[in-house]
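Here is how the chains run, residue by residue.
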Amino acid sequence: MTRRPGRPPHPALRSLTRALPVTPATVLLLLFLAGPIAYCVSIAFTDLQLTGQAEDSFVGLENFRTAFGDEAFRNAVWLTLVFTVVSALLGQNTLGLALAALMRRASKPVRTLVGGIVVTAWVLPEVVAGFLLYAFFRREGTLNAVLDWLGLPTQNWLYTLPILAVSFANVWRGTAFSMLVYSAALDEIPKEITEAAEVDGAGGRRRLWHITLPMIRRSIGTNLMLITLQTLSVFGLIWVMTRGGPGGRSQTLPLFMYEEAFQKSMIGYGTAVALLLLVVGSLFSVVYLRLLRTEV
Amino acid sequence: MPTRTPKPAVPSRTRTPVVPARTRTPASRRTLRRRLTADAGLLVVAAAFVLPLAWVVLSSVDARADLRVRLPDSVTLAHYEAVLTPDITVTPLLNSLLLCGGGTALTVVCAALAAYPLSRFRSRLNRPFLLTILFATSLPITAIMVPVYALFVRVNLIDTHEGTILFFAASQLPFAIWLMKNFMDGVPKELEEAAWTDGASPLQSLLRIVLPLMGPGVAVVTVFSFVMMWGNFFVPFMLLLTPDQMPAAVSINEFFGNKGTVVYGQLAAFSVIYSTPVILLYVGVARRLGGGFALGGAVKG
């Protein structure tokens, strides 16, 4: 017996030993997550370059001023917006909800088959997904073959509409996530409520608008936040398909950041762009936390 | 759950003479029609989704593979034979295994340790800690890669597997802790309390009682972390420099560019080899836990 009964250890000591297991995780997070973020803030205000520079100096808000005056930066912001709205908010979200709703009515084999295909697209490594869709959208690719077969005009999608091609690629890859979230949400709507509405003569569209959507509105909020954040940080998919080209016409912010920091060696400037991306992401995170605030 | 009342309404309705006896009731016919429409809609979407997947599988065995989906004239395993060399496939896959296995092990151990006090003991620090963790789960990791690169150069971790493993673990930890804590909350406390009175330390009760009881939860965290790292391109792309250190996620780009023409059949064969492990892992976990990967539940609002 090591400890006399009736005399627990000092409260401070007790909470210290209890907090001990959290240490490894905390150290890792501080060193490799909080550290880089702090470093990001500090070098975003310098003119740090990749090579051939003895000393970097503090330049204040110069990098941000450069960014907002930079045509290529504004182009990247615009493309990021298009990419996020088209692929996440319109594409993944709507298609995910539609698939989840249809699956509840479909027969079991069809449900399993379709679920399997959509989820496979999601589980595939990002780069592989990029190659598959690169092949799909190329001039000699499958999409043009299908269009040709249907008697529709074909074009070189990756050249004429690169941002739309990468947006569709992101829909292909990411829809499964929304589908899973909405499937779980729809399962929780009590059957009695939809049945009651049906008996009262509410049609499909009215049931969707007045019952289903209000009842899953929290899931919709959560899902929109999460897929927006995922879409904001897509890099590999676009990199593999277009490298941000042609002529910067599919260069979203992560690709712009990469090019400035590494191909043009402007680490300070690239980090300033990264910081802006991080701030936008944090704002979304805070909104997400508020949506979840009852859960913690 | 209220007891189900016997259904008196239905027989009385079917007895009404308006409905001919041998057809189905209008309600069930409506259900059938609805199911057929849903099936048709889903199959159309699935057809669009399956085309790129079909391309990679068919091209990998097609002697004359190009960018288009089509049934091969002659089936061959030549592409697989061509890529299954130490340089092209074995080394990158071993690198992937080392990076993702190391990263996952570190993530799971740290997450399990951290989740235990968060789930078991009350403290004023729990809530702020969990809120920070949740905040960190949704930060765009892509955005901090440039500073991480600069930092790694400064502390000499650049182009090392250790550095990449540590960063992988840190980037996956917030979500892993969050998931692990939620799964741990589902394990009843009574068994542990019995162990405590018998003199077991918290570490012993975590290892011998809690973790075995939440086996499926640990499996989900492990598989999820591994799958995320296996598919991650940007992190090793930034933090590793030497070609023979590269995992498959980065080395796959070698099929493009520097050799001039792209051999699509080989690219497809390599993609199949590289993707198979994560698909199998996903299927394994999904089958045990029934679809959804419990992720739908983990992120629901």
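Heads up: the structure comes first, above all this text.
Report follows, based on the coordinates. In this text, all values refer to a predicted model and were calculated from it rather than measured experimentally.

1. Topic: empty space enclosed by the protein
Working step 1: Using the criterion set out here, one finds 1 cavity of 30 Å³ or more in the structure.
Working step 2: In this structure, the largest cavity spans a volume of roughly 1300 Å³.
Working step 3: Every residue lining the largest cavity is counted, 48 residues in all, and those nearest its centre are Arg 173, Gln 230 and Ser 233 of chain A together with Phe 224 and Met 228 of chain B.
Working step 4: The biggest single contributor to the lining of the largest cavity is helix H7 (residues 161-185) of chain B, with 6 residues.

2. Considering helix H7 (residues 142-149) of chain A
Working step 1: Taken together, the buried positions of H7 of chain A are Thr 142, Leu 143, Asn 144 and Leu 147 of chain A.
Working step 2: Backbone geometry just downstream of H7 of chain A places Gly 151 of chain A in the positive-phi region, at approximately 80°.

3. Brief notes about a nonpolar patch on the surface
Working step 1: A contiguous nonpolar patch, built from Trp 78, Leu 81, Val 85, Leu 89 and Leu 90 of chain A and spanning about 480 Å² of accessible area, is present on the exposed surface.
Working step 2: With respect to the secondary-structure elements, Leu 81 of chain A resides in helix H4 (residues 71-105).

4. Let's talk about the packing of helix H2 (residues 23-43) of chain A against H7 of chain B
Working step 1: Put simply, H2 of chain A and H7 of chain B touch, their axes get as near as 9 Å, and they point 120° apart. By the angle class used here, H2 of chain A and H7 of chain B are oblique. Of the two elements, H2 of chain A crosses H7 of chain B, and the hand of that crossing is left-handed. For the pair formed by H2 of chain A and H7 of chain B, the contact residues are Ala 25, Leu 28, Leu 29, Phe 32 and Leu 33 of chain A on the first element and Leu 166, Phe 167, Ala 169, Ala 170, Ser 171, Leu 173, Pro 174 and Ile 177 of chain B on the second.

5. Side note on the interface of chain B and chain A
Working step 1: At the junction of the two partners, chain B supplies 84 residues and chain A supplies 92 residues.
Working step 2: Each partner contributes to the roughly 7900 Å² buried at the junction of chain B and chain A, and carbon and sulfur atoms together form 80% of this total.
Working step 3: For the pair chain B and chain A, the interface holds 0 salt bridges.
Working step 4: Joining chain B to chain A, the criterion identifies 4 residue pairs in polar contact (both at pLDDT 80 or more).
Working step 5: In terms of residue count, the dominant contributor to the side of chain B that touches chain A is helix H2 (residues 26-60) of chain B (18 residues).
Working step 6: The class makeup of the residues in the side of chain B that touches chain A is 65 nonpolar, 11 polar and 8 charged.

6. Structural notes on helix H12 (residues 217-232) of chain A
Working step 1: An ideal rise of 1.5 Å per residue puts 22 Å on 16 residues; H12 of chain A measures up with 22 Å between its terminal C-alpha atoms.
Working step 2: Here H12 of chain A lies mainly inside the structure; 12 of its 16 residues are buried.

7. So, unusual backbone geometry
All names here are of chain B.
Working step 1: Phi at Asn 156 takes a positive value of approximately 60°, unusual for a residue other than glycine.
Working step 2: For Asn 156, the location among the structural elements is in the loop between helix H6 (141-154) and H7.
Working step 3: Phi angles above zero are rare outside glycine, and Asp 159 is one such case at about 65°.
Working step 4: Overall, the relative accessible area of 18% leaves Asp 159 in the buried class.

Cut-offs applied
- Residues numbered from 1 in each chain as written.
- Chains lettered and ligands numbered in written order.
- Predicted model: local features only at pLDDT ≥ 70, side-chain atom pairs only at ≥ 80, totals over all residues.
- Heavy atoms only, no water.
- 1 Å grid on protein atoms, 1.4 Å probe; cavity = no way out; pocket = protein on both sides within 12 Å on 5 of 7 lines; lining within 4 Å.
- Points joined across faces, edges and corners; volume = space filled by probe spheres on them.
- Helix = DSSP H or I, 4+ residues; strand = E, 2+ residues; numbered from the N terminus.
- Buried < 20%, exposed > 50% of the residue type's maximum accessible area, 1.4 Å probe, protein only.
- Patch = residues over 30% accessible without salt bridge, like charges linked within 9 Å, V, L, I, M, F, W, Y side chains within 5 Å.
- Areas by Shrake-Rupley, 256 points an atom, 1.4 Å probe, with all protein chains shown as cover.
- Salt bridge = Lys/Arg side-chain N within 4 Å of Asp/Glu carboxyl O.
- Axes fitted to C-alpha atoms, helices over the stretch in contact; angles between N-to-C directions.
- Parallel < 35°, antiparallel > 145°, perpendicular 65-115°, else oblique.
- Left-handed = near helix turned anticlockwise from the far one by under 90°.
- Contact = heavy atoms within 4.5 Å.
- Buried area = accessible area lost by both parts, 1.4 Å probe.
- Polar contact = N/O pair within 3.5 Å; in protein donor to acceptor, adjacent residues only side chain to side chain.
- Nonpolar A, V, L, I, M, F, W, Y, C, P; charged D, E, K, R; others polar.
- Expected span 1.5 Å × (residues − 1).

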